[in-house]
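Here is what each chain is made of, one letter per residue.
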Amino acid sequence: MNAGASTHREANMSNPSVVLVDAYPSSYALAQAFMDSGCEVVRVQSTEEVPQCYRGAFDTSAFSDDIVHRGVLADTVAAVARHAAVAVVAAGEYGVELADQLSEALGVPTNGTRLSPARRNKYLMTETIRAAGLRAARQRLVSTAQELMEFHRETGGRIVVKPLRSAANDGVSVCDTPEDSAAALKAILEGTTVFSETNTAAVAQEYLAGGEYVVDTVSRDGHHRVTDVWKYSKMSVPGVRDRITGGHLIAHDAPVRERLTAYARQVLDALGIRHGPAHLEIILTADGPCLVEVGARMAGANTPYYAELGAGESQIGWTVEAYLHPERFLAAHRRPYRLERHVSVCWPTAPAAGTLRSYPLLDVVEGLESFNNVEMFVRPGGTVVRTVDDSTKTLAVGLVHPSAEVVERDFNTLTYLDGPGFYDIERAEES
């Protein structure tokens, strides 16, 4: 099939069209929100082959067209132009650059292509915000063990080594010695990213000590709306370092919020993110906020769902407003969100690999006072991978309650329950 061939019904041109680049099931809620607003939604797939992290059955029948980009931009632009789209939005991390190219070529609201590489390449990202005068991690682009070990010795202490263009903490290693760093680089160069890309280099950065936060935003014409702010919980045990175990939605009046959001807005400006959603991860160091990375797309991990549970709004509604009703967006974007209920999400840590028989303590979790929902990524009969980073989650448990103390208590209870007894696993040597 040629780029631009319609795999579904033709768009109804009496309704506005919105293009979502790399809309997979994790971002279908955004597609549905545009459809609910009366839009025809066109899906563009940025790669001929579906990346590994998105593989599996998914239904695209609700989209007015399903266009596969086959590497020739002019062909894809022509295919998308038939729909007279009012917006092109990156629905996933891998689609950011193609969304920039399409939106620029079609003359719709765009972040442009000039800084597009810096919105995907983690090394360029950090150098770009440093050039804008913002606090940025000390770093080096490395492709050999010698370069990396040199940087580690110069920096001293602990450093972080990660792929240039991945996501979801994929391949990120916290390293205490130059030898640890060299081993991390070897694993990165010999592996592929969650997007099925090969790695030819990596970025090494100073280890940022401090609490880690998420700031989610939506922008229109360079005006930025902070939709939700989260604080991460982390743990370290033998073989697992700084693993994120949970996220906690923080109140609009939390003392730390203004420092984080002011810095986040400066980062967005430095990276040329003037339109659409963005997801920033920031460490609050002793010297102030410092960027870990930013995605010029909506947050993953079902974050908008949890934000709406707590504040009654999320990136999804604000993204629709920004593109379809910019005047309403600009009139209201400075109003801070207010928590109606306190929300935490817990991501348990599987201690071993094997075939899952059951979650023996799940009924105890479901009986917690603030229990709201459970997302089961590995069901009984499925394969459990020992959790070492965010790419190997087994469950997500949502906790929601008017009382912050109840949510905190139940989160602590869940982390106490998590461990070998939380999983009934048939290990390979048992079978």
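Given the structure is predicted, the values throughout are model-derived calculations rather than measurements.

Engineer: What's the story with the overall build of the protein in this structure? I'm lost.
Structural biologist: When helices and strands are tallied, the protein shows 12 helices and 19 strands. Computed over C-alpha atoms, the radius of gyration of the protein comes to 22 Å, within 12% of the 22 Å expected from 2.2 N^0.38 for 431 residues, which places it in the range of a compact globule. Along the first, second and third principal axes, the C-alpha atoms of the protein reach 55 × 55 × 50 Å. Taking contacts inside the protein between residues at least 6 apart in sequence as the whole, the part at least 24 apart equals 67%. Total accessible area on the protein is roughly 17700 Å²; 50% of this is exposed by carbon and sulfur atoms. Side chains of the protein give 40 positive and 55 negative charges; the mean places of these two sets differ by 4 Å.

Engineer: Please clarify how empty space enclosed by the protein should be interpreted in this entry.
Structural biologist: Where empty space is left becomes clear once a probe the size of a water molecule has been rolled over the atoms. What the rule picks out here adds up to one cavity of 30 Å³ or more. For the largest cavity, the calculated volume is near 130 Å³. Lining of the largest cavity is provided by 15 residues; of these, Val-88, Ala-90, Asp-100, Asn-111 and Tyr-323 occupy positions nearest its centre. Elements represented by at least two residues in the lining of the largest cavity include exactly strand S4 (85-90), helix H3 (96-106) and strand S12 (276-285). Split into classes, the residues belonging to the lining of the largest cavity amount to nine nonpolar, five polar and one charged.

Engineer: Which parts of the structure should I look at to understand the packing of helix H2 (residues 73-81) against H3?
Structural biologist: Describing two packed helices takes the angle between their axes plus the distance from one axis to the other. Where H2 contacts H3, the two axes come as close as 10 Å, and the packing angle between them is 65 degrees. The chirality of how H2 crosses H3 is right-handed. Along the contact surface, H2 presents Leu-73, Thr-76, Val-77, Val-80 and Ala-81, while H3 presents Leu-98, Gln-101, Leu-102, Ala-105 and Leu-106. In terms of residue class, the contact of H2 with H3 is made up of eight nonpolar, two polar and no charged.

Engineer: Just to check I follow, could you spell out the sheet that holds strand S2 (residues 40-45) for this structure?
Structural biologist: Note: strands within a sheet are paired through backbone hydrogen bonds, in either parallel or antiparallel orientation. Pairing within the open sheet is parallel, and its four strands lie in the order S3-S2-S1-S4. With one partner strand each, in any of the chains shown, strand S3 (65-68) and S4 form the two edges of the open sheet. Averaged over all neighbouring strand pairs, the angle between strand axes comes to 20 degrees, with direction disregarded. Note that strand S1 (residues 17-21) and S4 share five bridges and pair parallel. Counterpart to Ser-17 in the pairing with S4 is Ala-85. The sheet strands contacting helix H1 (residues 28-36) are S1, S2 and S4, and the helix crosses S1 at an angle near 175 degrees.

Engineer: It is not clear to me how the packing of aromatic side chains should be interpreted in this structure. Could you clarify?
Structural biologist: Here the distance between the centres and the angle between the planes together describe a pair of aromatic rings. Per the counting criterion, the structure on display carries seven aromatic pairs. Taking the centre distance of 5.6 Å and the plane angle of 80 degrees together, the rings of Trp-318 and Phe-329 count as edge-to-face. Of the two residues, Trp-318 is situated in helix H9 (residues 315-324) and Phe-329 in helix H10 (residues 326-332); the sequence distance between them amounts to 11 residues. As far as burial versus exposure is concerned, Trp-318 and Phe-329 are alike and both buried. When the centroid spacing of 5.3 Å and the interplanar angle of 75 degrees are considered together, the rings of Phe-422 and Tyr-423 count as edge-to-face. Taking NZ or CZ as reference, Arg-158 lies 5.1 Å from the ring centre of Tyr-207, over its face. Of note, Lys-393 hangs over the ring of Trp-347, and the distance from its end group to the ring centre comes to 4.3 Å.

Engineer: Looking at this model, I keep getting lost on the pattern of salt bridges. Mind explaining?
Structural biologist: Tallied over the full model, the rule gives 24 salt bridges. The salt bridge involving Glu-154 is made with Arg-140; its shortest N-O contact spans 2.7 Å. One end of the pair, Glu-154, is in helix H5 (residues 145-155); the other, Arg-140, is in strand S5 (residues 139-142), with 14 residues separating them in the sequence. On the basis of relative accessibility, which here comes to 43%, the residue Glu-154 falls in the partly exposed class. The partly exposed category is assigned to Arg-140, whose relative accessible area is 26%. Between Glu-313 and Arg-225 there is a salt bridge, with the nearest N and O atoms lying 2.5 Å from each other. Within this pair, whereas Glu-313 is found in the loop between helix H8 (303-311) and H9, its partner Arg-225 is found in strand S10 (residues 223-237), the two being separated by 88 residues in sequence. Classification of Glu-313 as buried rests on a relative accessible area of 14%.

Engineer: Which parts of the structure should I look at to understand H1?
Structural biologist: For H1, the complete set of buried residues consists of Leu-30, Ala-31, Ala-33, Phe-34 and Met-35. Following H1 by one or two positions, Gly-38 adopts a phi angle in the positive range, close to 95 degrees.

Engineer: Help me understand the nonpolar core in this model?
Structural biologist: Generally speaking, soluble globular proteins have nonpolar side chains that are buried together. With 58 residues, the main nonpolar core has Val-44, Ile-129, Leu-280 and Leu-291 as its most contacted residues. Of the residues forming this core, the biggest block, six residues, is contributed by helix H7 (residues 257-270). Contacts of Leu-291, omitting those with residues within four sequence positions, involve Met-125, Ile-129, Arg-135, Leu-208, Tyr-263, Val-267, Leu-280, Glu-281 and Ile-282.

Engineer: When you look at the sheet that holds S5 in this model, what are you seeing that I'm missing?
Structural biologist: With antiparallel pairing, four strands are arranged side by side in an open sheet as S5-S8-S6-S7. Edge positions in the sheet fall to S5 and strand S7 (173-175), since each has one partner strand and no second. The average undirected angle you get between the axes of adjacent strands in this sheet is 25 degrees. Two elements, S5 and strand S8 (residues 202-206), share four bridges in a ladder whose sense is antiparallel. Considered in S8, the bridge of Arg-140 is made with Ala-204. Against the sheet, H5 engages S5, strand S6 (159-163), S7 and S8, with an angle of about 165 degrees to S5.

What counts, and where the lines are drawn
- Residues numbered from 1 in each chain as written.
- Predicted model: local features only at pLDDT ≥ 70, side-chain atom pairs only at ≥ 80, totals over all residues.
- Heavy atoms only, no water.
- Helix = DSSP H or I, 4+ residues; strand = E, 2+ residues; numbered from the N terminus.
- Rg over C-alpha atoms; globule rule 2.2 N^0.38 Å.
- Contact = heavy atoms within 4.5 Å.
- Areas by Shrake-Rupley, 256 points an atom, 1.4 Å probe, with all protein chains shown as cover.
- Lys, Arg positive; Asp, Glu negative; His and termini not counted.
- Charge placed at Lys NZ, Arg CZ, Asp CG, Glu CD.
- 1 Å grid on protein atoms, 1.4 Å probe; cavity = no way out; pocket = protein on both sides within 12 Å on 5 of 7 lines; lining within 4 Å.
- Points joined across faces, edges and corners; volume = space filled by probe spheres on them.
- Nonpolar A, V, L, I, M, F, W, Y, C, P; charged D, E, K, R; others polar.
- Axes fitted to C-alpha atoms, helices over the stretch in contact; angles between N-to-C directions.
- Left-handed = near helix turned anticlockwise from the far one by under 90°.
- Pairing = 2+ DSSP bridges.
- Phe/Tyr/Trp six-rings, centres within 6.5 Å; stacked < 30°, edge-to-face > 60°.
- Buried < 20%, exposed > 50% of the residue type's maximum accessible area, 1.4 Å probe, protein only.
- Lys NZ or Arg CZ within 6 Å of the ring centre and 35° of its normal.
- Salt bridge = Lys/Arg side-chain N within 4 Å of Asp/Glu carboxyl O.
- Core = buried A, V, L, I, M, F, W, Y, C linked by side-chain atoms within 4.5 Å.

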